[in-house]
Amino acid sequence: MSESLRPPMLSVATLRTVWASRYGALKRCLLHEAALGGGQEPLMPQSPRSYLGTAIHKILERAASDATFPFSEDSLANEWEKAVAEIESRLSRSPFMEGMVPLSRSIPNIGLMRARTVLRILEAGPPTAPTSSAESKPKRFPGRLSNLNGSVVGVPDRIEFRAADVVIVDFKTGMTGEAANPFWGDYQVQIKLYASLYHAATGRWPSRLELQGLDGSVHEVSFTPDECRTLME
């Protein structure tokens, strides 16, 4: 094969840790996940909504865990503009993705997503300081959870204590009042793995699992400890 026709080399990594949020994608294509872990830039066009969804989750995670995060509409507007600028800068460097810039053209409802993200953060408020009892802290942001040997990890968006119940909540930027979503199965597996990780960390199973959209929709995911254990195994 001549040098000019040689396919590009892939930068891949050995995957020693499975993230709950990536388990569905891992089952569909191991090579894709290994390349992602190796820092390989995409070789085909990607949805700009996926980049924005990742950026929104990072903002939500920071708001939930960083005591210095600025909780004001002006500051959140700056956080949003910074995230969009970073995405557009990245896309503009790719010859087959630069046509997606600006995001205001390639994501028609980006203004609505911005408004819902800001509203979600302002409604949740800043993270509360740790206390000695679950009852005195109705919302908690757990950070990274892991199984015993560290081979499976995950970061739930929120854990809520409602009376005697423990509720694991995960936000989904593309989810609305209709549960019909091409990744609905992935979302269910992800939050069931969070249930297993919570059990590994605390010895207690959650009472309820919820997927919430930025539009305020709430979707309960039914589960049993046995099926969560099977997923973890």
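Everything numeric here is computed off the predicted structure, so don't read it as measured data. (Residues numbered from 1 in each chain as written. Predicted model: local features only at pLDDT ≥ 70, side-chain atom pairs only at ≥ 80, totals over all residues. Heavy atoms only, no water.)

### Considerations on the sheet that holds strand E3 (residues 145-146)
Okay, so step 1: With respect to topology, 3 strands assemble into an open sheet ordered E1-E4-E3, the strand pairing being mixed. Every other strand in the sheet has two partners, leaving strand E1 (18-19) and E3 as the edge strands with one partner each.
Okay, so step 2: The pairing of E1 with strand E4 (residues 152-154) spans 2 bridges and is parallel. Bridging from a neighbouring strand, Trp 19 pairs with Val 153 of E4. (Pairing = 2+ DSSP bridges. Helix = DSSP H or I, 4+ residues; strand = E, 2+ residues; numbered from the N terminus.)

### Re the side chain of His 219
Okay, so step 1: Looking at the secondary structure, you find His 219 in strand E8 (residues 218-220).
Okay, so step 2: Take His 219: its relative accessible area is 9%, and that puts it in the buried class.
Okay, so step 3: Among the polar contacts made by the side chain of His 219, one reaches the side chain of Ser 217 at a distance of 3.5 Å. (Buried < 20%, exposed > 50% of the residue type's maximum accessible area, 1.4 Å probe, protein only. Polar contact = N/O pair within 3.5 Å; in protein donor to acceptor, adjacent residues only side chain to side chain.)

### Considering the confidence of the model for the protein
Okay, so step 1: The predicted model of the protein has a mean per-residue pLDDT of 85, with 88% of residues at 70 or higher.
Okay, so step 2: Here strand E2 (residues 139-140) is the element of the protein with the lowest mean pLDDT, 57, and helix H8 (residues 225-232) is the one with the highest, 95.
Okay, so step 3: Predicted confidence is poor over residues 130-136, with pLDDT under 50, and the contacts of this stretch with residues over four places away or in other chains come to 3 contacts. (pLDDT = per-residue confidence, 0-100. Contact = heavy atoms within 4.5 Å.)

### Some words on a nonpolar patch on the surface
Okay, so step 1: The grouping of Leu 10, Val 12, Leu 31, Leu 43 and Met 44 at the surface amounts to a nonpolar patch, some 490 Å² of accessible area in total.
Okay, so step 2: Assignment of secondary structure puts Met 44 in the loop between helix H2 (30-37) and helix H3 (48-65).
Okay, so step 3: Since its relative accessible area comes to 59%, Met 44 is described here as exposed. (Patch = residues over 30% accessible without salt bridge, like charges linked within 9 Å, V, L, I, M, F, W, Y side chains within 5 Å. Areas by Shrake-Rupley, 256 points an atom, 1.4 Å probe, with all protein chains shown as cover. Salt bridge = Lys/Arg side-chain N within 4 Å of Asp/Glu carboxyl O.)

### Observations regarding the pairing of strand E5 (residues 158-162)
Okay, so step 1: Within E5, 4 of the 5 residues are buried, which leaves the element mostly enclosed by the surrounding structure.
Okay, so step 2: Where E5 folds back on strand E6 (residues 165-172), the antiparallel hairpin that results is connected by 2 residues, among which Ala 163 adopts a positive phi of roughly 55°.

### Examining the environment of Phe 223
Okay, so step 1: Examined against the element boundaries, Phe 223 turns out to sit in the loop between E8 and H8.
Okay, so step 2: Along the sequence, Phe 223 and Lys 192 sit 31 residues apart, while their C-alpha atoms lie 7.0 Å from each other.
Okay, so step 3: Apart from the residues within four sequence positions on either side, Phe 223 is in contact with Lys 192, Pro 206, Ser 207, Arg 208, Leu 209 and Cys 228.

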